[in-house]
Amino acid sequence: ARACALFVRERLFTAFGFARLDDCARERLGRSGRWVRDQAALADAIERLPPLGAALSGADGGEPLGTVAALLVARVAEGESLPGWLRLARSSTVRELRAAVARAREASASADGWPGSSRTRSCSAAASRSAFMKPGAAGIVTGTSRTMRTSANR
């Protein structure tokens, strides 16, 4: 993951003669550009939240998290809320975790970012997104919206 982060951050794919990361990843690494970017985001999240790295490998004594679950947790967790999100990630399916993360990001479920907390605050959807979307956190870009590519617009 750290190697991917350096590869993306420094645009090292250009040294191999590629203009785009996606092309280099596909042709040289046998992976998608999204996979490389996800690995880079995971490395950034582990640097920001070291216990997430321990949870990913299982070094913290719990069941190892998958990379998808770790990336989802990295989108919403802060220092104090990380243990709660890790418990939720280990006790639920990826689909359930994805739904919980979406609820936390959209509805600003709680003032402290803990899943299932009873403390709530009222704010607009835009404010709730910005409360959980910190610049550079797990590859999240603030102030933009991403659209999913379908086979119709590829």
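It should be noted that the structure appears before, not after, this text.
Each value, and the rule that gives it
- Residues numbered from 1 in each chain as written.
- Predicted model: local features only at pLDDT ≥ 70, side-chain atom pairs only at ≥ 80, totals over all residues.
- Heavy atoms only, no water.
- Helix = DSSP H or I, 4+ residues; strand = E, 2+ residues; numbered from the N terminus.
- Buried < 20%, exposed > 50% of the residue type's maximum accessible area, 1.4 Å probe, protein only.
- Areas by Shrake-Rupley, 256 points an atom, 1.4 Å probe, with all protein chains shown as cover.
- Phe/Tyr/Trp six-rings, centres within 6.5 Å; stacked < 30°, edge-to-face > 60°.
- Lys NZ or Arg CZ within 6 Å of the ring centre and 35° of its normal.

Draft legend 1. Examining the overall build of the chain more closely. Looking only at helices and strands, one finds eight helices and zero strands in the chain. Mapped from its N terminus to its C terminus, the chain presents α and β elements in the order α-α-α-α-α-α-α-α. With 154 residues in all, the chain has 33% of them scored as buried. Of the roughly 9500 Å² that the chain leaves accessible, carbon and sulfur atoms contribute 52%.

Draft legend 2. Broad picture of the packing of aromatic side chains. Inspection of every chain in the model, using the stated rule, returns two aromatic pairs. Judged by centre distance (6.2 Å) and plane angle (40°), the rings of Phe7 and Phe16 are tilted. With a relative accessible area of 46%, Phe16 lands in the partly exposed category. Positioned over the ring face of Trp35 is Arg31, at 4.3 Å from the centre of the ring.

Draft legend 3. Region of the structure containing helix H5 (residues 67–76). The element H5 is extensively covered by neighbouring structure, given that seven of its 10 residues are classed as buried. Those residues of H5 that fall on the buried side of the exposure criterion are Ala69, Ala70, Leu71, Leu72, Val73, Ala74 and Val76.

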